[in-house]
Amino acid sequence: FIFLFLGSWRPTLVIAGSVETHGTFFGKLNLRGTGSGGGGTGVGIITGTIQLEAGGQIQIDDGTTWIIASTGNFWATNRIVNGTLRLGANNALPTTSSIPDNSRFDLAGFNQTIAGLNAGCSITNSSTTADSTLTYSGGTSIFTGNIRDGSRKLNLTIAAGNLTLTSAATLNIPRSTVTVNNGAVLELDYVGTNQVFGLVLDSTGQAAGLY
């Protein structure tokens, strides 16, 4: 484990230097905040590049918000035990990584491509000035969380693979556009309806209606 701890004496911590591991380290970079069990109120901002070995993991817990504002990062998976992972740049997370845990992921007006979306994470766009696009480009994922607009759009693109949703409550983006590329699958395994602003299938915008 590598721990970066945001103490109560400093509500904002900025890490501007790079974080690198070498050799045989395949563990976690654990980003922790103030108070256990979700009592943290601090904000951590990472502007330096994070380079972990293959199999490495970013973990956030203790209820704080960590902003990844750098690009060119590399690790395998993201684990959000209790807290919020927020973007501060386009594709701040590795595009080959997944979002597997039951907490909060905020695109914050930026765009992100991910390879896996496997559990009940709450995904939104908190920005009041910019739209976001979440692009799924992976294998097969079953997502049980929710994807929702904020005051700005959160567009959803299925670029490759199969993304399966299990509840009508999962997709709550009535002002945004859903795009499904040729060969990709958005599978809706529930009885119900979802309203979206636009639907694009294989690069062709669809007419308004019930599909």
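Criteria and thresholds
- Residues numbered from 1 in each chain as written.
- Predicted model: local features only at pLDDT ≥ 70, side-chain atom pairs only at ≥ 80, totals over all residues.
- Heavy atoms only, no water.
- Salt bridge = Lys/Arg side-chain N within 4 Å of Asp/Glu carboxyl O.
- Helix = DSSP H or I, 4+ residues; strand = E, 2+ residues; numbered from the N terminus.
- Buried < 20%, exposed > 50% of the residue type's maximum accessible area, 1.4 Å probe, protein only.
- pLDDT = per-residue confidence, 0-100.
- Contact = heavy atoms within 4.5 Å.
- Phe/Tyr/Trp six-rings, centres within 6.5 Å; stacked < 30°, edge-to-face > 60°.
- Lys NZ or Arg CZ within 6 Å of the ring centre and 35° of its normal.
- Pairing = 2+ DSSP bridges.

Describing the pattern of salt bridges
Thinking step 1. Per the counting criterion, the structure on display carries 2 salt bridges.
Thinking step 2. Between Arg 86 and Asp 106 there is a salt bridge, and its shortest N-O distance comes to 2.9 Å. Here Arg 86 is found in strand β10 (residues 84–87), whereas its partner Asp 106 is found in strand β12 (residues 104–106), with 20 residues between them in sequence.
Thinking step 3. The class of Asp 106 is buried, set by a relative accessible area of 4%.
Thinking step 4. For Arg 152, the salt bridge identified is with Asp 131, shortest N-O distance 3.0 Å. Linking Arg 152 in the loop between β17 (146–148) and β18 (154–165) with Asp 131 in the loop between β15 (122–124) and β16 (132–143), this pair joins segments that are 21 residues apart in sequence.

Things to note about the confidence of the model for the protein
Low-pLDDT stretches of the model should not have their predicted coordinates read in fine detail.
Thinking step 1. Mean pLDDT over the protein stands at 86; residues scoring 70 or higher make up 89%.
Thinking step 2. Per-residue pLDDT, averaged within each element of the protein, yields its smallest value for strand β1 (residues 2–5) (56) and its largest for strand β20 (residues 177–180) (98).
Thinking step 3. pLDDT under 50 marks residues 35–39. Its contacts with residues more than four places away, or in other chains, come to 10 contacts.

Some words on the packing of aromatic side chains
Thinking step 1. For the structure shown, the criterion picks out 0 aromatic pairs.
Thinking step 2. The side chain of Lys 153 reaches across the aromatic face of Phe 197, ending 4.7 Å from its centre.

Description of the sheet that holds strand β8 (residues 65–68)
Thinking step 1. One open sheet accounts for 8 strands, arranged β2-β5-β8-β10-β12-β15-β17-β19; its pairing is parallel. Strands at the two margins of the open sheet, each flanked by one partner only, are β2 (12–15) and β19 (171–172).

Focus on the pairing of β2
Thinking step 1. Burial along β2 is one-sided: the residues Leu 13 and Ile 15 are buried and none of Thr 12 and Val 14 is.
Thinking step 2. Across 4 bridges, β2 lies against strand β5 (residues 43–46) in parallel orientation. Residue pairing for β5: Val 14 is matched across the bridge by Ile 45.

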